[in-house]
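Examination of the molecular architecture
Each chain, written out:
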Amino acid sequence: MNDTSLFAPRRVKKTLPQKLMELNWLFVLLLVAIACVGFAMLYSVGGGSFDPWARQQAIRFGAIFILMLVIALVDLRIWFQLAYPAYIGALILLLAVEFIGVVGMGGQRWLDIGFMRLQPSELMKIALVMAVARYYHGLNVTQSSQILRLIPPFLMVAIPMILIMRQPDLGTSLLLAAGGVSVIFLAGASKWLFIGGAAATAGAIPLAWGFLHDYQKQRVLTFFNPESDPLGAGYQIMQSKIALGSGGMTGKGFLLGTQSHLNFLPEMKTDFIFTVLAEEFGLVGGLSVIGLYLLVLSYGMYVAATCRNQFGRLLAAGLTFSLFLYVFINVGMVMGLLPVVGVPLPMISYGGSAMLTMLVAFGLIFAVSLNRKLAIPRGI
């Protein structure tokens, strides 16, 4: 027997009970813990009541949690085959938003599916990473660095990005692009391409400024000087900073946050829910939640590093990076370190779309973990 065969990827067939036993339940429980933090914060924002937000969020979580487990138990080769169809399906939903989308919060970004408003751009974040990972699975290292090979994945990123910018939703479009480009980078594309792209982007900022909507320009200007309009555009971030500072080291106590319960803090249940948490539980509470996120994200990177097939590696790493951006941008935004772009905190902010994104992403990461020794032939 050839000694090298000992290190080759193997096809490993597992029964459903075996997969359930091998599922990393510790990290499943960590996801549940993050969701429970969200329920508690929504209970607080609701004035000490499960209605109208905490109860509905818990019901959504229960349904999507089951979906996550189902996704985790599906053979990775099936997700490999579904990568392109998922991308096309998400693209169709984005096009549907153009014609039958629900208008809200200054944009047309949702589809009403009865029990929730679905934001197709959230699904596209998953589908794009899947599609780009599948594309690069069929290429070797030399091919991945060829310029012409970059055209298909960049088109995969550009088309939905343009559709999302039309909604308009600049923040989500940039998050989508970052997730797709991260997979291209990890697949082995030349670093000089990214250096040149970053330089070109920086040089194009003055030109891009003219294409921004007025409210987008206002957000950027407010980021640099929120005190210039404390009762208008700068109100959100100034109240957020006041709430963060008033929490101190250990916080004011559960249900005792003044900025939130006296309605000084806007968008408490969605974009600024981390501020509510920090006011009530202080620096200790905020760092504890960030620590939970870091644990689950580190697990995603571990799965990527130990997977033996290219599709699984890129899928797990790309999804983990996308989820990291959610947390990084939301926390940076409420602290005034980044412009306010309307990015929710996954599984803690109220809303089904961001929760769906994170749990579906982790369902796929768990699927990669359970199939990390699986052989998926290249070139198919």
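Only a predicted model underlies this, so the values are computations on that prediction, with no experimental measurement involved.

1. So, the overall build of the protein chain
In terms of helices and strands, the protein chain carries 15 helices and three strands. Residues counted as buried form 48% of the 380 residues belonging to the protein chain. Across the protein chain, the fraction of contacts at a sequence separation of at least 24, relative to all contacts at a separation of at least 6, is 74%. Counting every atom, the protein chain has about 17,600 Å² of accessible surface; 71% of that belongs to carbon and sulfur.

2. Considerations on helix α3 (residues 54-73)
Taking 1.5 Å of rise per residue, 20 residues should cover 28 Å, and α3 covers 29 Å from first to last C-alpha, within 8% of that figure. Where α3 is concerned, the buried positions are Ala54, Gln57, Arg60, Phe61, Ile64, Phe65, Met68, Leu69, Ile71, Ala72 and Leu73.

3. Describing unusual backbone geometry
The omega torsion across Asp51 and Pro52 is 10°, close enough to zero to call that bond cis. Position of Pro52 relative to the elements: it lies in the loop between α2 (25-45) and α3. Here the phi dihedral of Leu255 falls at roughly 75°; this positive angle occurs in a residue that is not glycine. Non-glycine residue Met347 carries a positive phi angle of around 70°. Take Met347: it is sitting in the loop between α14 (310-334) and α15 (352-370). Judged by relative accessible area, which is 1%, Met347 ranks as buried.

4. Focus on the pattern of salt bridges
Scanning the model with the defined rule gives five salt bridges in all. The salt bridge partner of Glu122 is Lys125, with a shortest N-O separation of 3.3 Å. Separated by three residues within a single helix, Glu122 and Lys125 lie in helix α5 (residues 120-137), roughly one turn from each other. Both residues of the pair, Glu122 and Lys125, count as buried.

5. A closer look at the environment of Ile34
Mapping Ile34 onto the fold places it in helix α2. For Ile34, a relative accessible area of 1% gives the class buried. Sequence separation between Ile34 and Ile290 is 256 residues; the distance between their C-alpha atoms is 9.7 Å. In this structure Ile34 touches Leu292, Tyr293, Val296, Pro346, Met347 and Ile348, once residues within four positions along its chain are discounted.

6. Quick notes on the side chain of Thr270
Structurally, the position occupied by Thr270 is in the loop between α12 (258-261) and α13 (273-306). What makes Thr270 buried here is its relative accessible area of 14%. Other than its neighbours up to four places away in sequence, Thr270 contacts Ser349 and Tyr350.

7. Brief notes about the packing of helix α4 (residues 76-100) against α5
The geometry of α4 relative to α5 is characterised by a closest axis approach of 8 Å and an angle of 145° between their N-to-C directions. Between α4 and α5 lies a crossing of left-handed hand. Within the contact of α4 with α5, the residues separate by chemical class into 20 nonpolar, three polar and one charged.

8. Digging into α13
Working note: α-helix, 3.6 residues per turn, so residues spaced by three or four point in the same direction. Compared with the 50 Å implied by 1.5 Å per residue over 34 residues, the 35 Å span of α13 between its first and last C-alpha is markedly short. At Gly282, α13 shows its strongest bend, of approximately 130°.

9. Quick word on the packing of α5 against helix α7 (residues 151-165)
Remark: α5 packs on α7, axes separated minimally by 10 Å, with the N-to-C direction vectors making an angle of 170°. By the angle between their directions, the pair α5 and α7 is classed as roughly antiparallel. For the pair α5 and α7, the contacting residues are Ser121, Met124, Leu128, Ala131, Val132, Tyr135 and Tyr136 in the first and Pro152, Pro153, Met156, Val157, Pro160 and Ile164 in the second. When the residues that make up the contact of α5 with α7 are grouped by side-chain class, the tally is twelve nonpolar, one polar and no charged.

10. Quick notes on the side chain of Ser144
Its place among the elements puts Ser144 in helix α6 (residues 141-144). Take Ser144: its relative accessible area is 1%, and that puts it in the buried class. Here the side chain of Ser144 touches Asn140 through a polar contact of 2.9 Å, landing on its backbone oxygen. Beyond its immediate stretch of four places on either side in the chain, Ser144 contacts Tyr136, Leu139, Ala187, Gly188 and Ala189.

11. Brief notes about the packing of aromatic side chains
Any aromatic ring pair is given by two values, namely how distant the centres are and how the planes are angled relative to each other. Throughout the structure, instances matching the rule amount to twelve aromatic pairs. Feature note: the residues Phe27, Tyr299, Phe362 and Phe366 constitute an aromatic cluster, connected by ring pairs. The residue whose ring lies beneath Arg134 is Phe80, and the NZ or CZ to ring-centre distance is 4.5 Å.

12. Section: a nonpolar patch on the surface
Together, Leu148, Ile151, Leu155 and Ile159 make up an exposed nonpolar region whose accessible area comes to about 410 Å². Among the residues examined, Ile151 registers a relative accessible area of 46% and is labelled partly exposed.

13. Describing the confidence of the model for the protein chain
As a note on interpretation, predicted positions should not be read in detail where pLDDT is low. Per-residue pLDDT for the protein chain has a mean of 84; in total, 85% of the residues score no lower than 70. Confidence over residues 1-10 falls short of pLDDT 50; this stretch has eleven contacts with residues more than four positions distant or in other chains.

Cut-off values and rules
One numbering rule holds for all chains: residues counted from 1, following each sequence as written. Thresholds applied to this predicted model are a pLDDT of at least 70 for local features of residues and 80 or more for the giving and counting of side-chain atom pairs; totals over whole chains, interfaces and linings are not thresholded and use all residues. Side-chain measures were taken over the full set of non-hydrogen atoms in the model, leaving aside hydrogen atoms and water. For the purposes of this entry, the term helix denotes a DSSP run of H or I that reaches at least four residues, the term strand denotes a run of E that reaches at least two, and both are numbered from the N terminus. When a residue's accessible area, from a 1.4 Å probe over protein chains only, is under 20% of the maximum for its type it is buried; when over 50% it is exposed; and in between it is partly exposed. Only heavy atoms matter for contacts: two residues are in contact if any of them lie within 4.5 Å across the pair. Using the Shrake-Rupley algorithm and a 1.4 Å probe, accessible areas are obtained, with residue cover drawn only from the displayed protein chains. What a helix is expected to span follows from its residue count: subtract one and scale by 1.5 Å. A pair is scored as a salt bridge if a Lys or Arg side-chain nitrogen falls within 4 Å of a carboxyl oxygen belonging to Asp or Glu. Lines are fitted to the C-alpha atoms to define the axes, a helix being fitted only along its stretch in contact, and any angle between axes, read from their N-to-C directions, falls within 0 to 180 degrees. Crossing chirality is assigned from the near helix's rotation relative to the far helix, an anticlockwise turn below a right angle marking it left-handed and a clockwise turn marking it right-handed. Basically, the charged four are Asp, Glu, Lys and Arg, the nonpolar ten are Ala, Val, Leu, Ile, Met, Phe, Trp, Tyr, Cys and Pro, and anything else, Gly included, counts as polar. Fitting axes to the seven residues ending at a residue and to the seven starting there, one defines the bend at that residue as the angle between these axes. Roughly parallel covers angles under 35 degrees, roughly antiparallel covers those over 145, roughly perpendicular covers 65 to 115, and oblique covers all other angles. Polar contacts here mean pairs of N or O atoms no more than 3.5 Å apart (in protein, one a potential hydrogen donor and the other a potential acceptor; neighbouring residues in sequence count only if both atoms are side-chain atoms). Aromatic rings from Phe, Tyr and Trp, taking only the six-membered ring of Trp, are treated as a pair when their centres fall within 6.5 Å; an angle between ring planes under 30 degrees marks them as stacked, one over 60 as edge-to-face, and anything in between as tilted. Working rule: Lys NZ or Arg CZ, within 6 Å of ring centre, within 35 degrees of ring normal, means a charge sits over the ring. A patch is a set of surface residues, each over 30% in relative accessible area and not in a salt bridge, joined within 9 Å for like charges and within 5 Å for the nonpolar side chains Val, Leu, Ile, Met, Phe, Trp and Tyr. How sure the predictor is of each residue is captured by pLDDT, a score from 0 to 100.

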